[in-house]
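# Secondary and tertiary structure notes
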Amino acid sequence: IILPERATNIVVGLPLHKNGTESEQSDITRMFARALLWEVRCACGKGVSVDMWDERYTSKEAVARISAEAMARGDSIPSKSDLGGELDADAACIILE
């Protein structure tokens, strides 16, 4: 997907505790990002970067946006469990904003 889209950056959400400190999942995510960078550099060269981004509160923001959109349409507000992949996709879009 990197080459056809001519991407120059890959953003990986960094899960942090509410107070901003790192968690065990932060360490796992950093290892993933390093491995991803290695693979991307091998496949695409040094023109693509892998950046970490604080993902705190992105899911809450996504729920708020989805709920506001539902209310504007006159629909019922979906629960987090009803949102499934839509919540993750919207949270990812917030990170990219």
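Below you will find a few notes about this structure. (Residues numbered from 1 in each chain as written. Predicted model: local features only at pLDDT ≥ 70, side-chain atom pairs only at ≥ 80, totals over all residues. Heavy atoms only, no water.)

## Points about the pairing of strand β2 (residues 49-54)
- Two elements, strand β1 (residues 9-14) and β2, share 6 bridges in a ladder whose sense is parallel. Note on β2: the bridge partner recorded for Val11 is Asp51.
- For the crossover from β1 across helix α2 (residues 24-44) to β2, the handedness is right-handed. (Pairing = 2+ DSSP bridges. Helix = DSSP H or I, 4+ residues; strand = E, 2+ residues; numbered from the N terminus. Right-handed = clockwise from strand over helix to strand, strands pointing away.)

## Points about a nonpolar patch on the surface
- A surface patch of nonpolar side chains, about 330 Å² in accessible area, is lined by Val11, Trp53 and Leu96.
- With respect to the helices and strands, Trp53 occurs in strand β2. (Patch = residues over 30% accessible without salt bridge, like charges linked within 9 Å, V, L, I, M, F, W, Y side chains within 5 Å. Areas by Shrake-Rupley, 256 points an atom, 1.4 Å probe, with all protein chains shown as cover. Salt bridge = Lys/Arg side-chain N within 4 Å of Asp/Glu carboxyl O.)

## What to know about the state of the cysteines
- Scanning the entire structure with this criterion turns up 0 disulfides.
- Summary of cysteine pairing: Cys44 is not part of a disulfide, and the nearest cysteine sulfur, belonging to Cys42, is at 9.8 Å. (Disulfide = S-S within 2.5 Å.)

## Digging into the pattern of salt bridges
- One pass over the full model with this rule turns up 5 salt bridges.
- Salt-bridge contacts for Glu22 lead to Arg30; the nearest nitrogen and oxygen are separated by 2.6 Å.
- Through salt bridges with shared partners, one network takes in Glu61, Arg65 and Glu97.

## A few points about the nonpolar core
- By size, the foremost hydrophobic cluster in this structure holds 7 residues: Ile2, Ile10, Val12, Ala33, Val40, Val48 and Val50.
- Elements represented by at least two residues in this core include exactly β1 and α2.
- Apart from residues no more than four positions distant in its own chain, Val12 is found in contact with Thr29, Phe32, Ala33, Leu36, Val50, Asp51, Met52 and Trp53.
- In this structure, Ile66, Leu83, Leu87 and Ile94 belong to the second largest nonpolar core, which totals 6 residues. (Core = buried A, V, L, I, M, F, W, Y, C linked by side-chain atoms within 4.5 Å. Buried < 20%, exposed > 50% of the residue type's maximum accessible area, 1.4 Å probe, protein only. Contact = heavy atoms within 4.5 Å.)

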